[in-house]
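Single-letter residue listing:
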Amino acid sequence: MANQEEIAMIARSPLFSVIQELQARFTSFGGWEMPLQFSGITVEHQAVRNAAGMFDISHMGKFILEGKNLISQLQRLVPSDLSRLQPNQAQYTVLLNPQAGIIDDIIFYYQGEDNTGVQKGFIIVNAATTAKDKVWLLEHLDTKQVEFQDLSTQKVLLAVQGPKATEILQKFVDRDLTSIKAFGHLDTTLLGKPAFLARTGYTGEDGFEVMVEPTVGIELWQNLIAAGVVPCGLGARDTLRLEAAMALYGQDIDDTTTPLEAGLSWLVHLDTKGDFIGREVLEQQKATGVQRKLVGLQMQGRNIARHGYPVLSAGQKVGEITSGTLSPTLGYPIALAYVPAELASVGNQLEVEIRGKIYPATIVKRPFYRSTNRVGK
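Residues numbered from 1 in each chain as written. Predicted model: local features only at pLDDT ≥ 70, side-chain atom pairs only at ≥ 80, totals over all residues. Heavy atoms only, no water.

When helices and strands are counted, the protein shows nine helices and 20 strands. Dimensions of the protein along its principal axes, counting C-alpha atoms only, are 60 × 50 × 45 Å. Here the protein holds 377 residues, and the buried ones make up 55% of them. Within the protein, residue pairs in contact and separated by at least 24 positions form 67% of the contacts whose partners lie at least 6 positions apart. Working note: accessible area of the protein is about 16500 Å², and carbon and sulfur atoms make up 49% of it. Taken as two groups, the 35 positive and 40 negative side-chain charges of the protein have centres that lie 5 Å from each other. (Helix = DSSP H or I, 4+ residues; strand = E, 2+ residues; numbered from the N terminus. Buried < 20%, exposed > 50% of the residue type's maximum accessible area, 1.4 Å probe, protein only. Contact = heavy atoms within 4.5 Å. Areas by Shrake-Rupley, 256 points an atom, 1.4 Å probe, with all protein chains shown as cover. Lys, Arg positive; Asp, Glu negative; His and termini not counted. Charge placed at Lys NZ, Arg CZ, Asp CG, Glu CD.)

Structure, rendered in structure tokens:
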């Protein structure tokens, strides 16, 4: 049982009271008390796949940065070429340590440059790594040139996801949302108040993430419920992102895994940018190949491979499950695991040890599920 000091340290979203009214089941996550589920994980999952669901993701870290050399400074911290971004475009990428291990996966939203040459952007980071990321960024940015603001506890962040998300959210926004491409974003007016909207998400479906002041967030939450949007918790968020093979920091990726090992080679732009932290390691891995790879597994039967379960080949342990669940959309168990590169081919047969028994699994292509409703970039 948590002691009083631990309870006092747990943060709550500005939406906590309205979520509590819906009799949500709560859990501790990344130092926050967050809803795990409302009507049930499967119901919430299917709402996002078939219509629209919404998530309170206010626990995520929110940094705003401004400076004349902002892009060039951030270029040294990530393997992706941020100089390619146009105003109101975003890049999913990773912060790397000198070993090319992933400090965190982030989204950088570039808002453009004003007539004085000052560049501005948002960075959204994971809740559990917010403090660590803030320290790392402040250590590696020239704070004489870049102004850094931490808005993590000051703003509400809502994700509205699903094939009907755009249509429903449009009722409350004065801009045409259909004109925004995937990973596009803008400052606009929502319910008559300033809002930041981005066509991004963590579910594999089309939708938007909305950042607003707390009072506006509460009003939007209530309006979306009235419009038939299903409130969803972290349980459905996890099953949705796993079907889409999106990595969970701390399980599928961490500071000991490189983006090349994690199947994130599309984030590594060695040919189009200069030096960055971890570049030497990634160059070596690209030249010689990685020793291990993150793969997708389809379990044979109904047994679920959970985080930490051993992965075997010919009776010998070769890896561990990083994430696993019974896919509500596909109807069978799926999982992610790191295995030796020589065993990582699609179609290869492996086994997973579950509570002392051995069950067959097949390496399959990722993502496990691909939406037909998502818009292009």
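This part takes up the sheet that holds strand β11 (residues 185–190). Paired through backbone hydrogen bonds, the strands of a sheet run either parallel or antiparallel to each other. With mixed pairing, six strands are arranged side by side in an open sheet as β11-β12-β13-β10-β4-β14. The sheet terminates laterally at β11 and β14 (230–232), the two strands that pair on one side only. Mean inter-strand twist for the sheet, computed between neighbouring axes without regard to direction, equals 30°. The sheet contact formed by strand β4 (residues 53–56) and strand β10 (residues 156–161) spans four bridges and is antiparallel. Bridged to aspartate 56 within β10 is leucine 158. Running over the sheet, helix α3 (residues 41–50) touches β4, β10 and β14 and is turned about 120° from β14. Here helix α7 (residues 214–226) sits on the sheet in contact with β4, β10, β11, β12 (193–198), β13 (207–212) and β14, set at roughly 25° to β10. (Pairing = 2+ DSSP bridges. Axes fitted to C-alpha atoms, helices over the stretch in contact; angles between N-to-C directions.)

To describe a pair of aromatic rings, you give the distance between the ring centres and the angle between the ring planes. For the coordinates displayed, the defined rule picks out seven aromatic pairs. A ring pair is formed by tyrosine 109 and phenylalanine 196, whose centres lie 5.4 Å apart and whose planes are at 85°; its orientation type is edge-to-face. Highlighted residues: tyrosine 109 in strand β7 (residues 102–113) and phenylalanine 196 in strand β12, separated in sequence by 87 residues. Per residue, the accessibility class of tyrosine 109 equals that of phenylalanine 196, and both read buried. By the ring-pair criterion, three or more aromatic residues cluster together here, those being Tyr109, Phe122 and Phe196. Here arginine 12 stacks its cationic end above the ring of phenylalanine 16, 4.0 Å away from the centre of that ring. If you follow arginine 292 out to its NZ or CZ, it ends over the ring of tyrosine 338, 4.7 Å from the centre. (Phe/Tyr/Trp six-rings, centres within 6.5 Å; stacked < 30°, edge-to-face > 60°. Lys NZ or Arg CZ within 6 Å of the ring centre and 35° of its normal.)

So, about unusual backbone geometry. For the peptide bond that leads from arginine 366 to proline 367, omega is -5°, which places it in the cis range. If you trace the backbone, proline 367 turns up in the segment after β20 (357–364). Although it is not a glycine, alanine 245 adopts a positive phi angle of roughly 55°. Structurally, alanine 245 can be placed in the loop between α8 (234–243) and α9 (279–288). Despite not being glycine, alanine 314 shows a phi value in the positive range, around 55°. Its location among the elements puts alanine 314 in the loop between β16 (310–313) and β17 (316–326). Given a relative accessible area of 72%, alanine 314 falls into the exposed group.

This part is about the pattern of salt bridges. Per the counting criterion, the structure on display carries eleven salt bridges. Residues joined by salt bridges that share partners form a network here, namely Arg49, Glu205 and Glu243. (Salt bridge = Lys/Arg side-chain N within 4 Å of Asp/Glu carboxyl O.)

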